Each structure stands twice: as structure tokens, then as C-alpha cells.
Amino acid sequence: MEVVLSTALLVVGLVMLCFGGNWLVSGGVGIAKKFRISNLVIGMTIVAYGTSTPELAASIAAAGDHGAIILGNIIGSNIANVGMVIGVSAILIPIAIKKSVLRKEIPIMLGVSLLLVLLSIDGELSRYDGGLLLVGLGIFAFFTFRDALKQRIEIEDEFENTQNNSYLKSFGLIGIGIVVLYIGAMLTVDNAVVIAAEFGLSEKIIGLTVIAIGTSLPELITSIIAIRKGHADVGIGNIIGSNIYNILMIMGIGAALGGVLVTSDVYVDYAIMIIFSLSLLIGLKTKIINRTMGIILTAGYVLYLATTFFK
């Protein structure tokens, strides 16, 4: 009976993710147009923060006694964001990417991933390490918003006649979208864990797979909706921003609250996370993530899930 109820609530959570993702994208694009801020920056900030709230909530709830869930959630979510989100999105609609995105933002994503590996060498992500990651978050946020201000001057405002209430409408859509995403993700994750527990999975595997997939569903829904609406920059920016925030903000807060032990077997997952991130650099030459690459990314992610379950 409990499994049946959990399955029903899981479906409700997924429906909420769909609606929340739609509202979040609509509000974010509306602000980008009104303030003459590029869709990429909106994707990397407001939308990425919004879709990262499930990971944040899950990590805060697991802080202290369940460090393995926090670390597994972060690594698994970053892998899922590229393998599942970008992979599935590209299968549905080929994604055109700007060269400038790959030249700056993706190297930053790779850099913070390597920083996480370096901080783990001593077998622990201490409170000090968490503080360092949060300082990195502050620096990244400062430069992101500084670039946004520069772009505001450079981007021509084509929406001068927009109604005044569009501000409230856009922020309202973002607020509602984030709340619905958060509740939907919590329903999805909580009930997925109940179902997974029936199969006797460990906390680490639950974090790497069930929770990671559940908390990545907002990115998946949001990115697909954004790309289908012709806003590829929002979709790509959402993934890049989310992966950066997962490490700097969510891992930073999780470690700062209680420290996280790092076992030696996690380095395999670190390597896979970096390999998936490096795969995005292929777009530097092709300027597009086509369906073939989408199939490869998705197949690679499915293979990763299969090997994780049978370790």
C-alpha cells in the first residue's frame, strides 16, 4: 500500500515539475527582455538558482548524519544534468550553442569540479572547505552580475513599449515556478527514496541515482521547455549554472554545516562527472549539440546508472 501511495505522489510531483518549469522559463525570459539582460545570464542565475533548490533542500536535510547522500546527490546531479538533461533535450531538439558560452562558462564549470576533487584528497570536505566553496560562490556571482550589467548596455532594448506590470508578472511567474518546482521535487525525491528503499539500496547509491535524478528533473523540464520555445541560451545556461551552484553553493553549505567524509571509491564518480562535462567542449567546434551527440550522452548516462547499481 505504501509503495502504491508513493508512486501516486511521485506522479503528482512530476506534473508539478512540468508546470513549475514552464512558469520559471517564462518569467526568466520576460525579465531578460525587460532589463536587456542576455538569456544566458538569466539561465545561469535566476533559472539555475531556481532549479537547484531541490538539491539545496535535500543537502540541508541530509547535513551531518547523511553526508554520503549530499556528496552522491551533487555528483549524481551534475552527471545527470549533462547526460540526462542535455542528452534528452538534444535528442528532442538539436541545441545551438554560442561559442562564447563554451569559452568561459564551461571552463568555469570544469574548474570548480576539479576544485572539489582537490579538496577531497584528504578524505574529507571540512567546514573550512565548505567556507572556501562559498567564497568561490560569492566571487562567481559577483562577476556574473557584473557581466550582466555590461551586457545590459550592449543589448538593444526592443521592448520599450512593454507594459509596466510585466515586471510583476515576470517576477510572479518566477516565484510561483520556484515554489511549485520545490514542492514537486520534494514529492518526487521523497517518494522515490521510499520506493528505492524497498530494494535495499545504500545511501550513496540513492544519492547518486534516485535523488540525483529526482532533483535534476527541474533542470530537465526547464531546459526542454526553454529549448522548445527557442531559448537555447536559457536551457544551456541553466545546466552550466546549476552544475556550478551544485558544487559551490550546495556542497559548500552541506560541508559548512557538518563536514562530509569522502571515501576512495567516489573518485570514479568524480572522473565520470568531469568526463561528461568535458564532452560539452565538442560544441566548441560544431556549435551545436545534435541528436547523435544527445543519443551518446543519454546512452552513456544509462550505462553509468547500470554500472552504479551493480558495483
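Everything quoted here is computed from the prediction, not taken from an experiment.

**Looking at the overall build of the chain**
Across its full length, the chain holds eleven helices and four strands. Intrachain contacts of the chain at a sequence separation of at least 6 include 88% that bridge at least 24 residues. As presented, the chain carries roughly 13600 Å² of accessible surface, and 70% of it is formed by carbon and sulfur atoms.

**What to know about the packing of helix H1 (residues 2-35) against helix H7 (residues 203-228)**
Orientation of H1 relative to H7, taken along the N-to-C sense of each, is 50°, at an axis distance of 8 Å. Taken together, the axis directions place H1 and H7 in an arrangement best described as oblique. Considering only the axes of H1 and H7, their crossing is right-handed. Residue-level contacts link Leu-14, Leu-17, Cys-18, Gly-21, Asn-22, Leu-24 and Val-25 of H1 to Leu-217, Pro-218, Ile-221, Thr-222, Ile-225 and Ala-226 of H7.

**Thoughts on the side chain of Ser-216**
Considering the arrangement of structural elements, one finds Ser-216 in helix H7. Engagement of the side chain of Ser-216 in a polar contact is seen with the backbone oxygen of Ala-212, the distance being 2.8 Å. In this structure, Ser-216 is in contact with Glu-55, Ser-77, Ala-80, Asn-81, Met-84 and Val-85, ignoring residues within four places of it in sequence.

**Notes on the packing of H1 against helix H6 (residues 166-197)**
At a closest axis distance of 6 Å, the pairing of H1 and H6 adopts a crossing angle of 155°. In terms of orientation, H1 and H6 fall into the roughly antiparallel class. As for how H1 packs across H6, the hand of that crossing is left-handed. Of the residues in the contact of H1 with H6, the class split is 24 nonpolar, 15 polar and two charged.

**Some details on the nonpolar core**
Grouped together as the largest cluster of nonpolar side chains are 75 residues, with contacts concentrated most on Leu-71, Leu-125, Met-251, Tyr-270 and Ile-289. For this core, the element with the highest residue contribution is helix H8 (residues 232-258), accounting for 13 residues. If sequence neighbours within four positions are ignored, Met-251 has contacts with Ile-70, Leu-71, Ile-74, Leu-116, Leu-125, Leu-133, Asn-246 and Val-260. One finds Ala-58, Val-189, Ala-192 and Ile-206 within the second-largest nonpolar core, a separate group that totals eight residues.

**Regarding H7**
Here H7 contains 26 residues, and its C-alpha end-to-end distance of 35 Å stays within 8% of the 38 Å for a straight helix at 1.5 Å per residue. Where H7 bends most, the angle comes to about 40°, and this point is Ala-212. With 23 of its 26 residues buried, H7 lies for the most part within the structure. Phi turns positive one or two residues past the end of H7, at Gly-230, with a value near 85°.

**As for H1**
Taking 1.5 Å per residue as the helical rise, H1 with its 34 residues ought to reach 50 Å, and the 48 Å between its terminal C-alpha atoms agrees with that figure. Positive phi shows up at Arg-36, right after H1, with a value of about 60°.

**Description of the side chain of Thr-222**
Structurally, Thr-222 is set in helix H7. In this structure the side chain of Thr-222 is engaged in a polar contact, spanning 2.6 Å, whose partner is the backbone oxygen of Pro-218. Every residue in contact with Thr-222, bar those within four places of it in the chain, is listed here: Gly-21, Leu-24, Val-25, Val-47, Thr-51, Leu-181 and Asn-238.

**Observations concerning a nonpolar patch on the surface**
A cluster of nonpolar residues, Val-11, Val-15, Phe-19, Trp-23 and Ile-176, forms a patch on the protein surface that exposes about 440 Å² of accessible area. A per-element tally of the nonpolar patch places H1 first, with four residues. When you line up the elements, Ile-176 lands in helix H6. A relative accessible area of 47% means that Ile-176 is categorised as partly exposed.

Calculation criteria
Residues numbered from 1 in each chain as written. Predicted model: local features only at pLDDT ≥ 70, side-chain atom pairs only at ≥ 80, totals over all residues. Heavy atoms only, no water. Helix = DSSP H or I, 4+ residues; strand = E, 2+ residues; numbered from the N terminus. Contact = heavy atoms within 4.5 Å. Areas by Shrake-Rupley, 256 points an atom, 1.4 Å probe, with all protein chains shown as cover. Axes fitted to C-alpha atoms, helices over the stretch in contact; angles between N-to-C directions. Parallel < 35°, antiparallel > 145°, perpendicular 65-115°, else oblique. Left-handed = near helix turned anticlockwise from the far one by under 90°. Polar contact = N/O pair within 3.5 Å; in protein donor to acceptor, adjacent residues only side chain to side chain. Nonpolar A, V, L, I, M, F, W, Y, C, P; charged D, E, K, R; others polar. Core = buried A, V, L, I, M, F, W, Y, C linked by side-chain atoms within 4.5 Å. Buried < 20%, exposed > 50% of the residue type's maximum accessible area, 1.4 Å probe, protein only. Expected span 1.5 Å × (residues − 1). Bend = angle between axes of the 7 residues up to and from the residue. Patch = residues over 30% accessible without salt bridge, like charges linked within 9 Å, V, L, I, M, F, W, Y side chains within 5 Å. Salt bridge = Lys/Arg side-chain N within 4 Å of Asp/Glu carboxyl O.

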